[in-house]
Amino acid sequence: MMRGAVAPGSPAARKPLRRPGAKTRRARRGNEGGLSGAYPDERDPQLLGGEIGRLVSQRGWGLDLQVRGVFARWTEVVGEEIGAHSTPESLTDGTLVVRTDSSAWATQLKLLAPTLVKRLNTELGTGTVTVVEVLGPHAPSWKHGHRGLRDGRGPRDTYG
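Residues numbered from 1 in each chain as written. Predicted model: local features only at pLDDT ≥ 70, side-chain atom pairs only at ≥ 80, totals over all residues. Heavy atoms only, no water.

Asks: Tell me about the pattern of salt bridges, residues and numbers included.
Replies: Enumeration over the complete set of coordinates arrives at five salt bridges. Across the pair Arg43 and Asp41 runs a salt bridge whose closest N-O atoms are separated by 2.9 Å. Its relative accessible area of 41% is what places Arg43 among the partly exposed residues. Of the charged contacts in the structure, one is a salt bridge between Arg54 and Glu51, with a shortest N-O distance of 2.5 Å. (Salt bridge = Lys/Arg side-chain N within 4 Å of Asp/Glu carboxyl O. Buried < 20%, exposed > 50% of the residue type's maximum accessible area, 1.4 Å probe, protein only.)

Asks: Any details on helix α3 (residues 48-59)? Residues and values, ideally.
Replies: The α-helix winds at 3.6 residues per turn, so residues separated by three or four positions along the chain end up facing the same way. In this model α3 runs 16 Å from its N-terminal to its C-terminal C-alpha over twelve residues, within 8% of the 16 Å that 1.5 Å per residue would give. Summarising burial for α3: one of the twelve residues are buried, a small minority. (Helix = DSSP H or I, 4+ residues; strand = E, 2+ residues; numbered from the N terminus. Expected span 1.5 Å × (residues − 1).)

Asks: Tell me about the sheet that holds strand β2 (residues 95-100), residues and numbers included.
Replies: Note on sheets: strands pair through backbone hydrogen bonds, and any given pair is parallel or antiparallel. As summarised here, the arrangement of the three strands in space is β1-β2-β3, forming an open sheet in which the pairing is mixed. Pairing within the sheet leaves two strands with one partner each, and these edge strands are β1 (86-92) and β3 (131-135). Across the sheet, the mean angle from the axis of one strand to that of its neighbour is 25 degrees, orientation sign disregarded. Sheet analysis places β2 next to β3, joined by five bridges and oriented parallel. Looking at β3, one finds that Leu96 is bridged to Val132. (Pairing = 2+ DSSP bridges. Axes fitted to C-alpha atoms, helices over the stretch in contact; angles between N-to-C directions.)

That is the geometry; function is a separate question.
Laid out in structure tokens, this is it:
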């Protein structure tokens, strides 16, 4: 026999040859602790609800999602009559901005602001809303057409 040759049928002949630098099956899978067992681990597929909850908590989106939920259910939270005439616009640093469809409703909501703060804090958590800022309707635009004067008097000059 030649030097380095293996006799057929010997235990060394049955062992498959490995290329230098080739990874084993465990190393290819990235599993240092062994093969997958009967119990779930982090490599197994996860339920979507649990993963979304984990993502929301990691990113700190919990309060934002609650606020958007209250905005979506605005009529349910504040009541039919108030919800029909007002819409929430934003909540920043404890100040809730609400837009109404008339100046009369703006005055009414300013009077009901403490009640709204209590209701919203029961929905969102104590101290989330501290001030309700009520805005009236947007002013109408008197500009008609493509041309206009920059320093003109506007609609006043047509009323005499």
